[in-house]
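Observations on chain architecture
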Amino acid sequence: MILNRLTALRKGKRWSLQYTADRLGIAKSTYAGYESGHRRPSLETINLLAGLYETSTDYILGRVDYPVFQSGNATESNQVMELTDFPNMELAVDGTSLSEEEMIQFIAFIRSKRELEVNRNKQNEATRHCAEI
């Protein structure tokens, strides 16, 4: 099992150790032990983790290099790679690598931009609806 993957998956969901442990029905210290390598999860727990993180047990166990995100019980045909799932990934702009802080800002920017677009679409739809009345 690749320990960094549990941490990356949890952080990708923006979940705290406590929140994750609560979702699994275990103590925070138990889950923290899984991430630190001081404890080994049972096969049942690995299966629960895969379901919780919507990925495969093979990814959690380190048998495949990329997470296969699942929608319900069916695996999506297209693999989606989250930046937050690959802490060792390096991105560069104009030949200069982005720092961790710049990557966090980049992700925050994209999320804000998407939220603005959703709000604009809602506003435009409301305006059109009023015009039809």
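This text follows the structure it describes.
Just so we're clear, the structure is a prediction, and the values are computed from it rather than from any experiment. (Residues numbered from 1 in each chain as written. Predicted model: local features only at pLDDT ≥ 70, side-chain atom pairs only at ≥ 80, totals over all residues. Heavy atoms only, no water.)

1. Focus: the overall build of the chain
What counts is decided by this rule: A run of H or I in DSSP becomes a helix once it reaches four residues, and a run of E becomes a strand once it reaches two; helices and strands are each numbered from the N terminus. Between two residues, a contact is recorded if the distance between any of their heavy atoms is within 4.5 Å. Per-residue and other accessible areas follow the Shrake-Rupley method at a 1.4 Å probe size, with only the shown protein chains counted as cover for residues.
Counting secondary structure elements, the chain contains six helices and four strands. Sequence-distant contacts in the chain: of pairs separated by 6 or more residues, those separated by 24 or more amount to 41%. A total accessible area of about 9500 Å² is found for the chain, and carbon and sulfur atoms account for 49% of it.

2. What to know about the packing of helix 2 (residues 17-24) against helix 3 (residues 28-36)
We count it as follows: Note on method: axes are straight lines fitted to C-alpha atoms, helices fitted across the in-contact stretch only, with angles between N-to-C directions ranging 0 to 180 degrees. An angle below 35 degrees is read as roughly parallel, one above 145 as roughly antiparallel, one from 65 to 115 as roughly perpendicular, and any other as oblique.
Between helix 2 and helix 3, the least distance of the axes is 8 Å, while the angle of their chain directions is 105°. In this view, helix 2 runs roughly perpendicular relative to helix 3, as classed from their interaxial angle. Contacts from Leu17, Gln18, Thr20, Ala21 and Leu24 of helix 2 reach helix 3 at Lys28, Tyr31, Ala32 and Glu35.

3. What about helix 2?
Structural remark: α-helix, 3.6 residues per turn; residues separated by three or four positions point the same way. Our working rule: Buried residues are those whose accessible area, probed at 1.4 Å on protein chains only, stays under 20% of the maximum for their type, while exposed residues exceed 50% and partly exposed ones sit between those limits. The arc in question is traced by the directions running from the helix axis to the C-beta atoms.
Within helix 2, the full set of buried residues consists of Thr20, Ala21 and Leu24. End-on view of helix 2: buried residues confined to an arc of 100°, all on one side of the axis. Lining the buried residues of helix 2 we find helix 1 (3-12), helix 3 and helix 4 (43-53).

4. Concerning the packing of aromatic side chains
For the record, the criterion: Only Phe, Tyr and Trp rings are paired, with Trp represented by its six-membered ring, and only when their centres lie within 6.5 Å; those with planes under 30 degrees apart are stacked, over 60 edge-to-face, the remainder tilted.
Counted according to the given criterion, the structure contains three aromatic pairs. Three or more aromatic residues joined by ring pairs form one cluster here, namely Trp15, Tyr19 and Tyr53.

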